[in-house]
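# Observations on the model geometry
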Number of protein chains: 2
Amino acid sequence: MRNKKDVKKKLEELGKTLYKEIKEGKNPFLDIPIRALSNVYFNPKTKLIELGDAKSRRYFFNVAHIRKFVQTIEVASLAKELLDVNKHLSLRQVFYAIRKTLPGTKIDIVEDQTESNQAIEDLELITGASREELHINAKKSGAAAGKIIIKDKGDTIDWSKLGSGGWSIPSNTEDIEFKKVDAKFVIYMEKDAMWERLHEDKVWEKLKCVIIASQGQATRGIRRLLRRLSDEHGLPIYVLTDFDPWGFYIYSVLKYGSIALAHISKKLAIPNAKFLGLTAEDIKKYKLEKQKIKFKDVDLRRLEQIKEYEWFKDDKRWQRQFKLMKEMKGKVELDALVTRGISFVSNVYLPEKIKNKDWID
Amino acid sequence: MRNKKDVKKKLEELGKTLYKEIKEGKNPFLDIPIRALSNVYFNPKTKLIELGDAKSRRYFFNVAHIRKFVQTIEVASLAKELLDVNKHLSLRQVFYAIRKTLPGTKIDIVEDQTESNQAIEDLELITGASREELHINAKKSGAAAGKIIIKDKGDTIDWSKLGSGGWSIPSNTEDIEFKKVDAKFVIYMEKDAMWERLHEDKVWEKLKCVIIASQGQATRGIRRLLRRLSDEHGLPIYVLTDFDPWGFYIYSVLKYGSIALAHISKKLAIPNAKFLGLTAEDIKKYKLEKQKIKFKDVDLRRLEQIKEYEWFKDDKRWQRQFKLMKEMKGKVELDALVTRGISFVSNVYLPEKIKNKDWID
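Since we're looking at a predicted model, the values are computed, not measured.

Reading the values: the criteria
Residues numbered from 1 in each chain as written. Chains lettered and ligands numbered in written order. Predicted model: local features only at pLDDT ≥ 70, side-chain atom pairs only at ≥ 80, totals over all residues. Least-squares fit on C-alpha atoms with pLDDT ≥ 70 in both. Contact = placed C-beta atoms within 7 Å. Pairing = 2+ DSSP bridges. Helix = DSSP H or I, 4+ residues; strand = E, 2+ residues; numbered from the N terminus. Axes fitted to C-alpha atoms, helices over the stretch in contact; angles between N-to-C directions. Core = buried A, V, L, I, M, F, W, Y, C linked by C-beta atoms within 7 Å. Buried ≥ 20, exposed ≤ 12 C-beta atoms within 10 Å, placed from the backbone. Parallel < 35°, antiparallel > 145°, perpendicular 65-115°, else oblique. Left-handed = near helix turned anticlockwise from the far one by under 90°.

This part covers the relation of the copies chain A and chain B. Between chain A and chain B, which share one sequence, the superposing operator has a rotation angle of 180° and an axial displacement of 0.0 Å; the RMSD is 0.0 Å. The transformation relating the two chain copies, once decomposed into turn and shift, fits a two-fold axis. Among all residues of chain A, the minimum C-alpha distance to the rotation axis is found for A:Ser168, at 2.1 Å. Taken as a fraction of all interface residues of chain A, those also at the interface in chain B reach 100%, which identifies the copy contact as same-surface.

The next subject is the sheet that holds strand S8 (residues 148-152) of chain A. Residues and elements named next belong to chain A. Spatially, 3 strands are ordered S9-S8-S11 in an open sheet, and the strand pairing comes out antiparallel. A single partner strand is all that each edge strand has here, and the edge strands are strand S9 (155-158) and strand S11 (177-181). Sheet twist, expressed as the mean angle between neighbouring strand axes with direction ignored, is 20°. With 4 bridges connecting them, S8 and S9 associate as antiparallel partners. Bridging from a neighbouring strand, Ile149 pairs with Asp158 of S9.

If you look at the biggest cluster of nonpolar residues, it comprises 192 residues, and the most contacted ones within it are A:Val186, A:Tyr188, A:Ile211, B:Val186, B:Tyr188 and B:Ile211. Excluding residues within four positions of it along the chain, A:Ile211 makes contact with A:Ala145, A:Gly146, A:Ile187, A:Trp195, A:Leu198, A:His199, A:Val203 and A:Trp204.

Once that is clear, we can look at the packing of helix H1 (residues 4-23) of chain B against helix H2 (residues 66-85) of chain B. Residue and element names in this part refer to chain B. For the pair H1 and H2, the least separation of the axes is 10 Å and the interaxial angle reads 140°. Compared by their axis directions, H1 and H2 come out oblique. Remark: the crossing between H1 and H2 carries left-handed chirality. Between H1 and H2, the residues in contact are Lys4, Val7, Lys8, Leu11, Leu14, Gly15 and Leu18 and Ile73, Ala76, Ala79, Lys80 and Leu83, respectively.

Position of A:Gln93 relative to the elements: it lies in helix H3 (residues 91-97). When the 26 C-beta atoms within 10 Å are taken as the criterion, A:Gln93 is described as buried. Spatially, the C-alpha atoms of A:Gln93 and A:Gln113 are 9.5 Å apart, while their sequence positions differ by 20 residues. Non-local contacts of A:Gln93, meaning those with residues more than four positions away in its chain, are made with B:Ala193, B:Arg197, B:Asp335 and B:Val338.

Pasting the structure below:
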């Protein structure tokens with residue numbers, strides 16, 4: 001649902017129905033899918049982490065339900081206002097906007113941000129609109145550069161003409177228009193420093209692509225941006241991470257979704273993502289064995305967890321990586337490629353891997 | 001020292017002198033200012049946290065000195081190479097680039113990144129060039145928008161025409177040219193979400209300014225950018241933070257420098273920075289008392305520390321804020337202004353504060 005009118009209509013209908021039912025002396029209710037581990041599963045057909053069908057019914061006239069019920073309605077009312085005035089708020093700002101004391105009582109509608117965050121997720125499920133479509137934004141982070149021209153808020157922005165900094169990716173990428181896409185693929189990486197390396201080497205010009213990074217896990221804005229480039233322009237999304245459990249997890253979330261955001265996997269996950277990060281074979285091929293950083297217990301535990309993920313469990317290529325990593329008892333970072341030359345990653349590693357289709361998908 | 005030639009010459013001279021001394025059978029040494037709390041002080045004249053005159057002499061032929069000596073020379077040699085090929089590396093990448101085993105031994109030049117980081121700081125002091133001038137970059141973070149046109153890497157970039165995202169600030173802002181500066185001041189804020197609020201409200205157009213944010217403490221790249229806009233174009237730098245000890249500390253570091261980077265305060269600190277964040281008076285004036293978030297012990301302890309800082313100790317205006325904050329036993333975030341209206345911060349708070357010169361400097 002990309003249409004603002006549709007979202008507004010949904011919110012209006014929700015309000016009208018509740019109002020009518022209360023006036024008629026009925027007990028209005030909301031059916032909300034349960035967002036707990038018990039109702040999250042990996043769908044082998046779609047290859048996504050999804051929410052199951054279990055729902056809970058929340059009644060207005062029920063002492064145990066009323067608090068959450070009112071919180072959800074407060075957020076719905078605020079979202080309607082945001083859509084009307086065409087403005088956006090952050091999660092924190094939404095918390096404050098609905099942090100009021102009910103008139104004539106000492107009861108605050110929300111006491112901390114986890115309550116308003118949950119109400120927002122409920123509203124996503126009730127309306128079928130994402131947080132971003134409800135004009136509520138998450139984190140802003142990351143930069144983009146390369147062979148794409150976009151239109152955003154009336155400005156035409158050429159991602160290949162933004163100096164050493166690049167375009168700063170907003171928290172909400174729903175309304176961006178792709179005007180001209182000369183890129184053949186996207187390289188997403190987990191570290192800004194690697195982005196600056198590739199950018200200085202003009203990798204996006206030499207390989208005709210786009211480079212995107214944020215620090216650590218990708219924001220929702222970046223995930224939607226990657227997903228849209230994959231859907232709307234068929235661009236392969238190559239994910240460049242370290243050879244370590246945390247890097248593998250970044251790839252896993254991008255491709256399959258996450259438990260925390262299972263209700264929105266269908267919009268956020270990128271089934272076409274391909275792992276272009278360091279593999280055990282690369283470490284041998286590029287003689288990086290000596291650049292190993294020894295595992296701590298926490299790394300090893302994380303590896304054991306990821307090994308058991310349903311979507312990795314029967315995948316021989318991944319199990320091989322996990323096995324070899326366990327034997328190495330250590331990780332190797334992409335930055336270690338610098339031991340082969342300042343621009344080795346740009347001039348050798350990436351072109352070779354892409355030419356040889358040497359990725360895991 | 002902004003001239004690349006000067007930096008290169010310094011590095012070359014360093015190498016030549018050492019080589020000559022070794023050939024002549026002398027014992028070469030490096031004099032390095034001591035970067036420890038004992039040698040850091042607040043200079044009331046410059047109003048900066050600075051490094052004192054205490055130095056330590058490090059000899060090549062000295063078992064206790066040789067390790068650090070060689071690390072510093074390795075970094076110097078790498079910096080020379082980076083300047084020659086006109087490329088940059090991150091701190092992490094520098095660590096890998098000099099992580100080698102000495103031929104014929106089992107000794108690694110560096111074992112972890114703290115060693116290479118220290119060697120880089122030593123080199124900053126020996127050469128008088130900043131890390132950035134040595135082509136070694138720190139973190140990349142933050143976004144800019146507003147009434148400035150820059151030139152960077154051959155691209156002309158208008159900060160007022162970059163859609164909802166803005167310009168992504170690179171880790172190194174030394175080589176940026178300011179082509180056209182129509183801004184009358186800069187607003188720096190600690191939170192991306194606030195930046196997005198001000199940007200959506202086009203504050204920079206209405207107030208003729210520039211808005212810059214990063215998440216939390218400003219990067220070196222941002223600090224240099226702010227400092228250069230202050231020095232080269234006389235723009236006041238307004239710092240917008242929460243009413244809490246952490247927000248005050250962000251302001252303190254921007255204006256006076258920090259202990260960790262005392263050796264570079266003269267380049268990074270911004271003596272003209274003015275605090276435009278929430279004050280105890282604002283909380284009253286804008287009726288935000290109910291939006292208080294109660295202090296945890298850690299907040300209170302931080303407040304007590306900051307109260308004792310030499311540059312705040314005799315400042316009545318700051319001591320008043322600290323006293324009132326202690327009485328409140330809580331903090332108030334800028335985001336709480338949203339309780340007065342979605343765009344209240346843009347339409348009322350900022351214009352009023354600036355018009356009334358209601359800042360602390």
